[in-house]
Amino acid sequence: MLQAKAFLTDLNTVQRMYIDGKWVTSDSNGTRNVINPANGEIIGVVTEGTREDSQKAILAARRAFDKDGWLDSKARDRAALLNKVADALEARVEEFASLDTLNNGKPLRESRYDVADAVNQFRYFAGLCTKPHGTTYDVPDDMQAMVVREPIGVVGQIIPWNYPLVMATQKIAPAIAAGCTVVIKPAEQTPLSLIRLFEIIDEVGFPPGVINLVLGAGETVGAELSESPLVDKVAFTGGTDTGIRIMKAAAETIKKVGLELGGKSPNIVFADADFETAVDFALYAIFANQGEVCSAGSRLLLEESIYERFVAELTARAQQIVVGDGTDEGTEMGPLITEEHMNRVLYYIEEGKKEGATLLCGGNRLLDNDRDKGFFVAPTIFTDTKPDMKIIQEEIFGPVLAIQTFSTEEEAIELANGTRFGLAGAVFTTDVAKAHRVIKKLRAGITWINTYHPTYNEAPWGGYKQSGIGRELGTYGFDEYLEIKQINVNLNVAPSGWFEKRK
Ligand code: NAD
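With an unreviewed UniProt entry as reference, the chain is termed Aldehyde dehydrogenase family protein, source organism Brevibacillus fluminis. Taken from UniProt, the Sequence similarities (unreviewed entry) comment for the chain reads in full: "Belongs to the aldehyde dehydrogenase family."

Asker: Would you take a moment to explain the UniProt feature "domain: Aldehyde dehydrogenase" (unreviewed entry) in the chain for this structure?
Answerer: Per the UniProt entry, the sites bearing "domain: Aldehyde dehydrogenase" (unreviewed entry) are residues 23-487 in this numbering. For residues 23-487, helix accounts for 39% and strand for 20%, while the C-alpha atoms at its two ends are 41 Å apart.

Asker: It is not clear to me how the site of the ligand should be interpreted in this structure. Could you clarify?
Answerer: In the vicinity of the ligand lie 29 residues, with Ile159, Glu188, Thr242, Leu261 and Glu395 positioned nearest. Between the ligand and isoleucine 159 there is a distance of 2.8 Å, counted from an oxygen atom to a backbone nitrogen or oxygen. One nitrogen or oxygen atom from the main chain of glycine 238 is found 3.4 Å from an oxygen atom belonging to the ligand. Bound to the protein, the ligand loses 89% of the 860 Å² it would expose on its own.

Asker: Any chance you could explain the layout of surface pockets here in plain terms?
Answerer: Vacant regions in the atomic arrangement are exposed by a probe of water-molecule size rolled over the atoms. Here the largest pocket is characterised by a volume of approximately 1200 Å³. In terms of lining residues, the largest pocket is bounded by 41 residues, among which Trp161, Phe236, Gly238, Gly239 and Thr242 are the most central. Of all the elements in the fold, those that place two or more residues in the lining of the largest pocket are α8 (218-227), β11 (233-237), α9 (240-251) and α12 (339-354). Across the lining of the largest pocket, the residue classes tally to 16 nonpolar, 14 polar and eleven charged. Here the lining of the largest pocket spans two domains, since at least three of its residues come from each of domain 1 (2-261 + 467-487) and domain 2 (266-449). For the second largest pocket, the lining is made up of 30 residues, of which Glu110, Tyr163, Tyr284, Ala288 and His453 are closest to its centre.

Asker: Even after reading the chapter, I still don't get empty space enclosed by the protein, so can you show me in this structure?
Answerer: A complete count under the given rule lists four cavities of 30 Å³ or more for this structure. Here the largest cavity defines a volume of roughly 80 Å³. Contributing to the lining of the largest cavity are 15 residues, with Lys233, Gly258, Glu260, Arg471 and Glu472 lying nearest its centre. Contributions of two or more residues to the lining of the largest cavity are made by β11 and β12 (256-260). Here the lining of the largest cavity gets four residues from one element, more than from any other, and that element is β11. Considered class by class, the residues forming the lining of the largest cavity number five nonpolar, four polar and six charged.

Asker: Just to check I follow, could you spell out the sheet that holds strand β17 (residues 400-406) for this structure?
Answerer: The strands that make up a sheet pair up through hydrogen bonds in the backbone, lying either parallel or antiparallel. The strand order across the open sheet built from seven strands is β15-β16-β17-β14-β13-β19-β20, with neighbouring strands paired in mixed fashion. If you trace the sheet from one side to the other, it starts and ends with β15 (358-361) and β20 (446-449), each paired once. Between one strand axis and the next, the sheet turns through 20° on average, direction left out of account. As judged from the four bridges shared by strand β19 (residues 424-428) and β20, these two strands associate in the parallel manner. Opposite valine 427, over in β20, you have isoleucine 449 as the bridge partner. In the packing of helix α11 (residues 307-318) onto the sheet, contacts are made with β13 (266-269), β14 (299-303), β15, β16 (380-383) and β17, and the angle to β14 comes to roughly 145°. In the packing of helix α15 (residues 432-441) onto the sheet, the strands contacted are β13, β19 and β20, and the crossing angle to β20 comes to about 170°.

Asker: Hey, could you run me through the nonpolar core in this one?
Answerer: Ranked by size, the top nonpolar core spans 125 residues in total, and within it Leu89, Ile172, Leu197, Phe206, Phe310 and Leu314 carry the most contacts. Top element by residues in this core is helix α5 (residues 108-129). It accounts for ten residues. If sequence neighbours within four positions are ignored, isoleucine 172 has contacts with Phe122, Gln157, Ile184, Leu194, Leu197, Phe198 and Ile211. Counting residues in hydrophobic clusters, the runner-up holds 16 residues, among them Ile349, Phe375, Val377 and Met389.

Asker: Looking at this structure, how should I read the sheet that holds strand β5 (residues 42-47)?
Answerer: On the basis of which strands lie adjacent, the open sheet formed by three strands has the order β1-β5-β4 and mixed pairing. Each edge of the sheet is formed by a strand with only one pairing partner; in this case those strands are β1 (14-15) and β4 (31-35). Bridging between β4 and β5 involves five bridges; their strand directions are antiparallel. Paired with threonine 31 across the two strands is threonine 47, which belongs to β5. This element, helix α7 (residues 192-204), spans β1, β4 and β5 of the sheet and lies at about 60° to β5.

Asker: I tried to follow unusual backbone geometry on my own but got confused; where do I start?
Answerer: Outside of glycine, negative phi angles account for most residues, and trans bonds account for most peptide bonds. Positive phi, normally seen in glycine, also occurs at aspartate 384, with a value near 55°. By secondary structure assignment, the location of aspartate 384 is in the loop between β16 and α13 (390-393). Relative accessible area serves as the criterion here: at 46%, aspartate 384 is assigned to the partly exposed category. Backbone geometry at histidine 453 places phi at a positive 95°, although glycine is not the residue there.

Asker: Sorry, what's going on with helix α3 (residues 75-90) here?
Answerer: Because an α-helix packs 3.6 residues into every turn, residues spaced three or four apart end up facing the same way. Helix length check: α3 (16 residues) gives 22 Å between terminal C-alpha atoms against 22 Å at 1.5 Å per residue, within 8%. Those residues of α3 lying buried are Arg78, Ala79, Leu81, Leu82, Val85, Ala86, Ala88 and Leu89. On its buried side, α3 packs onto α4 (93-104), α5, α6 (166-178) and α7.

Asker: Hey, could you run me through the packing of aromatic side chains in this one?
Answerer: Centre-to-centre distance and the angle between the planes together describe a pair of aromatic rings. Inspection of every chain in the model, using the stated rule, returns twelve aromatic pairs. Taking 4.4 Å as the distance between ring centres and 35° as the angle between the ring planes, the aromatic pair formed by tryptophan 448 and tyrosine 452 counts as tilted. Judged by its relative accessible area of 5%, tryptophan 448 falls in the buried class. One aromatic cluster in this structure is built from Tyr18, Trp23 and Phe198. Across the ring face of tyrosine 481, the terminal group of lysine 233 is positioned such that the distance to the ring centre comes to 5.0 Å. The ring of phenylalanine 275 is capped by arginine 309, whose NZ or CZ atom sits 3.7 Å from the centre of that ring.

Asker: What am I meant to see in the UniProt feature "active site" (unreviewed entry) in the chain here?
Answerer: Under the local residue numbering, the UniProt record ascribes the feature "active site" (unreviewed entry) to Glu260. Positionally, glutamate 260 belongs in strand β12. For glutamate 260, a relative accessible area of 4% translates into the label buried. Excluding anything up to four places from it in sequence, glutamate 260 contacts Phe236, Thr237, Gly238, Trp461, Gly462, Gly463, Ser467, Gly470, Arg471 and Glu472.

Procedures and definitions
Residues numbered from 1 in each chain as written. Predicted model: local features only at pLDDT ≥ 70, side-chain atom pairs only at ≥ 80, totals over all residues. Heavy atoms only, no water. UniProt positions renumbered as here; feature names shortened; annotations may be inferred. Helix = DSSP H or I, 4+ residues; strand = E, 2+ residues; numbered from the N terminus. Near = heavy atom within 4 Å. Polar contact = N/O pair within 3.5 Å; in protein donor to acceptor, adjacent residues only side chain to side chain. Areas by Shrake-Rupley, 256 points an atom, 1.4 Å probe, with all protein chains shown as cover. 1 Å grid on protein atoms, 1.4 Å probe; cavity = no way out; pocket = protein on both sides within 12 Å on 5 of 7 lines; lining within 4 Å. Points joined across faces, edges and corners; volume = space filled by probe spheres on them. Nonpolar A, V, L, I, M, F, W, Y, C, P; charged D, E, K, R; others polar. Domains from an automatic or database assignment. Pairing = 2+ DSSP bridges. Axes fitted to C-alpha atoms, helices over the stretch in contact; angles between N-to-C directions. Contact = heavy atoms within 4.5 Å. Core = buried A, V, L, I, M, F, W, Y, C linked by side-chain atoms within 4.5 Å. Buried < 20%, exposed > 50% of the residue type's maximum accessible area, 1.4 Å probe, protein only. Expected span 1.5 Å × (residues − 1). Phe/Tyr/Trp six-rings, centres within 6.5 Å; stacked < 30°, edge-to-face > 60°. Lys NZ or Arg CZ within 6 Å of the ring centre and 35° of its normal.

What follows is the structure, encoded as structure tokens:
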């Protein structure tokens, strides 16, 4: 803990936004305290931005794109800048991991993984931006017909608190690689690592206005990014209800939208699955990152014939998970992000009980061993659920697993698809044909066979149904920051004669 705290900024220093290449405080003179969810302590003070600050940042991004030459920037130069960010970040893994753990609560082993992932994102998109991406067409006329891809322009990016650094980098890196300019807003609760990343962005020498950081509330600072006619695309990760608001606001200016939203993902285990592996991943699917993962396997679908044995092992192991301060190296699961969010998770647990589900373990706030100062909830498992219960239908975004049972493949598929979400899903079985049959029927964008959670920056990330629109990461994510332009070049310059030339 002490070592991690050494990376914090002095509390007498108000941490600032980064607009048009300068560090600025908001004219509002407001500030916001940043809290460590493991103990409720204030760990930072940041300037509280306003709609006007967003507008200033958007204008800077607009000017950088339209007038100052970023549109004409060379892919090789953009790649070099992105690689410099990667190198600088890689040299400071422990610092960035500590900031995310102190600010979000997640265990250090997860934060370290996140920083490594962020480094890789900068490198991946640095590589991608110099690769050719156009096409030519063989057309009937004497014409060179081609398609080129160009940056969309000014992009507003709004992110949640569950992966403070990685959510930012997986938006910034592809946008810059594509040649866009960026205004990004972190979640109110978790600005610290992104502010620190902007120190690196400042050092490596991006031109003023190319990447801007605004801080503050979603309803003002964030809303401006989805409403402004000067923003060409809004890329949002967060809750489905916020996504609906953003899409409505963006509709007024026909802005492009990218939405990465919530989930209630099914993890389907057949009786013939490798037992130890399936139990292990069922735990990892829901309790990694305290269950604050959009793609969490929050519904476990078990084939009836293995139900008793599986649940006994799963419950025993869930109760062994070490829950504590993420900065303690032995911690396996941290606190929830805020008191408000913890109460929301506890509300769903109460609703589960009221609706008649059986609580197998957990279900309570942890208040012993100093944990009463933080927002800790025990790993929780419900069984005897029905498909229409809130704990089956709604995203809880915490360490709460709901078990459903099935006896046939068809029933498993119907239950798996039985929510408004379609982000992720997994199937555990040793029958390869069955695995593929089930995955083929699963209405979800991110799927696994005999594993849960691993995904790669090379592959597209995004959801079906109400889990989102568009994809991030990989070449698909890169394309989302590019417009498509067709160019037809006449190779035989002569009048068409369509309208007769009369005297
Ligand atoms: P949230 O929707 O409450 O907030 C996300 C961001 O949106 C914050 O920065 C917030 O300030 C901003 N915001 C809020 N209202 C806004 C408005 N009207 N206009 C513009 N911006 C606004 O979500 P959260 O509680 O921070 O995060 C949890 C949610 O994020 C979960 O539902 C989770 O599933 C989702 N999530 C999805 C993915 C994915 O890739 N699909 C990844 C991580 C998290």
